[in-house]
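Coordinate analysis (summary)
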Amino acid sequence: MTAQILDGKTLAQQFEQEMRLRVDTLKAKADGRTPILATILVGADPASATYVKMKGNACQRVGMESVAIELSEETTTEQLLAKIDELNSNPDVHGILLQHPVPAQIDERACFDAISLEKDVDGVTCLGFGRMSMGEDAYGCATPKGIMRLLEHYQVELEGKHAVVVGRSAILGKPMAMMLLEANATVTICHSRTQNLPELVKQADIVVGAVGKPEFIKADWIKDGAVVVDAGFHPQKCGDIELAPLVDRVTAYTPVPGGVGPMTINTLIFQTLQSGEKAFG
C-alpha cells in the first residue's frame, strides 16, 4: 500500500495563512493591538534558544508579537516565579511559554503551575491538564494538541480504534492519551519499562511514539495498516519510531522532520491567538 504522509509542515503553513486573516480582523477591532506571546528562556542551551526563536518567528509570520525574556543560568526558582507573576499581571501579554528544560536548581513544576490558566497557551499547568482530562475548557499541551489537529485534518478515524501511546511524560504522553480517550479511542499507555512492549504495540491501530529515545519502537512491532505518529526528534535526524521500513505497509505516518514538530509550534501560536481573541472580546 502507499501510505498517506501526515504532512505537518504544509498543514502548519496553511493554518498560518488562516491565522493571519484572524489576526488582521482582531487588530482592526482592537485599535491595532495584537496578541502577544511572552517566551522565557533560562540559561543558554543552544537547542532551547533555537526553539524560542522559531516560536517568535512564527508569531511574526501571522502578524502577532512576541516578547523574548532571557534569564541567566543561575536564576533561582523565586526569581523565575517573580517574572512569571509579572507576566500574569500584564494585560498586554496573552500567552506565556516557559521553555523546557530549565536549569536543575529550578523547580520546573512549580514554575509551570504559576502560569495563569488564561495564559497557559502551551498547556503545561496541572490545572490545565486536569480540566482538559475532564473535558472542560483549557488549552491543550501544544504537541499532543498539534497531533490531534493533524489527525483531524487528515480525517484519521479515532473513534473505537485502539491507540497505543509509548511514553508517559507530563507534557506529551499523558495528555496525548487523554486527548485520544476524549476522541473515543481505546487507549493503552506504555513506556520504556513496559513488559511485552512489542506485543502491545502490535495490537495498535494507532501508534504514538513519545518515549524520547531514537528509533526505540521497531518497525516489526507495528502491524500492517496502522497509523503511525512519531513525536520524537533526535540529533540523528530520526524520531522515536523506526519509520523507513513502514512507509509501504502502514496507512499513514508522520515524517521526521516535518510531521509533528511544525504542528507543535503552530498550535502554540494558535492558542495564543485564541487567548488574544478572548481578551479583546
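Below: a short report on this structure. Source: prediction; values computed, not measured.

Judged by nonpolar contacts, the single largest core of 47 residues is most densely connected at L151, L180 and I269. If you list the elements that add at least two residues to this core, you get α1 (8-29), α2 (46-61), α6 (142-153), β5 (162-166), α7 (173-182), β7 (206-209), β8 (227-230) and α9 (260-280). No other element matches the eight residues that α9 contributes to this core. In this view, L180 contacts M148, L158, A163, V165, A185, V187 and V208; residues no more than four positions away in its chain are not counted.

The final tally for this structure, using the stated rule, is one aromatic pair. Relative to W221, the ring of F216 has its centre 6.1 Å away and its plane inclined at 85°; by these criteria the two rings are edge-to-face. Residue class for W221 comes out buried when judged on its relative accessible area of 15%.

In this section: a nonpolar patch on the surface. On the surface, Y51, M54 and F233 cluster together to form a nonpolar patch covering roughly 290 Å² of accessible area. Looking at where F233 falls in the secondary structure, it is placed in the loop between β8 and β9 (252-253). For F233, a relative accessible area of 43% puts it in the partly exposed group.

Further remarks concern the pattern of salt bridges. Applying the stated criterion across every chain, the model contains eight salt bridges. As a salt-bridge pair, D113 and R109 come within 3.1 Å of each other at their nearest N and O atoms. Here D113 and its partner R109 are both found in helix α4 (residues 108-114), four residues apart, which amounts to about one turn of the helix. A relative accessible area of 29% means that R109 is categorised as partly exposed. Note that D224 and R249 form a salt bridge whose closest N and O atoms lie 2.8 Å from each other. With D224 in the loop between β7 and β8 and R249 in the loop between β8 and β9, this pair connects stretches of sequence that are 25 residues apart. Among the residues examined, D224 registers a relative accessible area of 55% and is labelled exposed.

Conventions adopted
Residues numbered from 1 in each chain as written. Predicted model: local features only at pLDDT ≥ 70, side-chain atom pairs only at ≥ 80, totals over all residues. Heavy atoms only, no water. Core = buried A, V, L, I, M, F, W, Y, C linked by side-chain atoms within 4.5 Å. Buried < 20%, exposed > 50% of the residue type's maximum accessible area, 1.4 Å probe, protein only. Helix = DSSP H or I, 4+ residues; strand = E, 2+ residues; numbered from the N terminus. Contact = heavy atoms within 4.5 Å. Phe/Tyr/Trp six-rings, centres within 6.5 Å; stacked < 30°, edge-to-face > 60°. Patch = residues over 30% accessible without salt bridge, like charges linked within 9 Å, V, L, I, M, F, W, Y side chains within 5 Å. Areas by Shrake-Rupley, 256 points an atom, 1.4 Å probe, with all protein chains shown as cover. Salt bridge = Lys/Arg side-chain N within 4 Å of Asp/Glu carboxyl O.

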